[in-house]
Amino acid sequence: MDFSSWQGALTTIVGLAVFTLLGVGVRMLMMQTIQQRRERMNRQINERLKTLMSAYRTLGGSFTGQLTVDPTHLRDVRQGAPGAPEEAGAAEGPASSDRSRRIRDAVEAALADILLLGTEEHCRLAGQAAADLAAGRPIHTADLVISLRSFIRAALDLGPVPGDVIIPLQGPTRAAAGAGRGKGDANRGGNKGAGMEMQGGGAGPMGMDIAPGMGRNDGGHAG
């Protein structure tokens, strides 16, 4: 820093300005990098929590009824495999078998998500449940649901569930039997009605174009 002459003062001022600009640029670059990293971490945490919350609702959305997951596949029901539970098709009918298969498919998808994004405890419980399903054994999801609930509440900075609150055992969400079939029938009916409407709309103009010509021909022949 030299202020003895105007050349030295000008050089000093320019040097201070360049140094200030470099410092501000480095600071802004660091802040932008840190902010991008923080936003990426927040997106990852949000996606993880969203996936685990969806798995929690799938695995623990029921408090009553049958709280176990039936591993029976459609081929076992058709072939009458000895390892298939008897009450799946005989006691409750085909609608119950379809519902149990829907529940099993949803539970398998939820277990796959937990194995991908869960903690060590979640992966251990989900791996054991997946192994039991693969072996054809009915499973309970209550322990995994409790672990997921504790993790989600801690991640959202929520306190634990009060001790005086009694929460019954939770099971997988019951899927509506025949929902997909009813939707498909409705779509087929809508498509059929649209086709008939198109046919009816095409017949009208043709009839209108032909009718005057036929009238003129009849008139000409009559004359």
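Everything discussed here concerns the structure shown above.
Cut-offs and rules
Residues numbered from 1 in each chain as written. Predicted model: local features only at pLDDT ≥ 70, side-chain atom pairs only at ≥ 80, totals over all residues. Heavy atoms only, no water. Core = buried A, V, L, I, M, F, W, Y, C linked by side-chain atoms within 4.5 Å. Buried < 20%, exposed > 50% of the residue type's maximum accessible area, 1.4 Å probe, protein only. Helix = DSSP H or I, 4+ residues; strand = E, 2+ residues; numbered from the N terminus. Contact = heavy atoms within 4.5 Å. Patch = residues over 30% accessible without salt bridge, like charges linked within 9 Å, V, L, I, M, F, W, Y side chains within 5 Å. Areas by Shrake-Rupley, 256 points an atom, 1.4 Å probe, with all protein chains shown as cover. Salt bridge = Lys/Arg side-chain N within 4 Å of Asp/Glu carboxyl O. Axes fitted to C-alpha atoms, helices over the stretch in contact; angles between N-to-C directions. Parallel < 35°, antiparallel > 145°, perpendicular 65-115°, else oblique. Left-handed = near helix turned anticlockwise from the far one by under 90°. Nonpolar A, V, L, I, M, F, W, Y, C, P; charged D, E, K, R; others polar.

## Looking at the nonpolar core
Inference 1: Formed by 17 residues in total, the largest nonpolar core has its most connected members in L59, V107, L111, I114 and L144.
Inference 2: Sorting the residues of this core by element identifies α1 (6-59), α3 (93-117), α4 (120-134) and α5 (142-155) as the ones contributing at least two each.
Inference 3: In terms of residue count, α3 provides more of this core than any other element does, five residues in total.
Inference 4: Every residue in contact with V107, bar those within four places of it in the chain, is listed here: T58, L59, V69, L133, I139 and P172.

## Points about unusual backbone geometry
Inference 1: The backbone of D157 shows a phi angle near 60°, a positive value even though the residue is not glycine.
Inference 2: The topology assignment puts D157 in the loop between α5 and α6 (179-222).
Inference 3: Classification of D157 by relative accessible area gives exposed; the value is 71%.

## Here we look at a nonpolar patch on the surface
Inference 1: Together, W6, L10, V14, V18 and L22 make up an exposed nonpolar region whose accessible area comes to about 540 Å².
Inference 2: Looking at the element boundaries, W6 is found in helix α1.
Inference 3: Residue W6 is classed as exposed on the basis of its relative accessible area, which comes to 62%.

## Thoughts on the pattern of salt bridges
Inference 1: Going through the model one piece at a time under the given rule, you end up with seven salt bridges.
Inference 2: Between R101 and D98 there is a salt bridge; the shortest N-O distance is 3.7 Å. You can see R101 and its partner D98 sitting in helix α3, three residues apart, about one turn around the helix. When sorted by exposure, R101 lands in the same class as D98, which is buried.
Inference 3: The partner of R102 in a salt bridge is D98, and the shortest N-O contact between them spans 2.9 Å. Of this pair, R102 and D98 both sit in helix α3, four residues apart, which is roughly one turn of the helix.
Inference 4: Classification of D98 as buried rests on a relative accessible area of 19%.

## Digging into the packing of α4 against α5
Inference 1: It is the contact of α4 with α5, at a shortest axis distance of 10 Å, that shows an interaxial angle of 160°. Judged on the interaxial angle alone, α5 and α4 are roughly antiparallel. Pair α4 / α5 crosses with left-handed handedness. Of α5, the residues touching α4 (which contributes E121, H122, L125 and A126) are D143, L144, S147, L148 and F151.
Inference 2: A per-class count over the contact of α4 with α5 returns five nonpolar, two polar and two charged.

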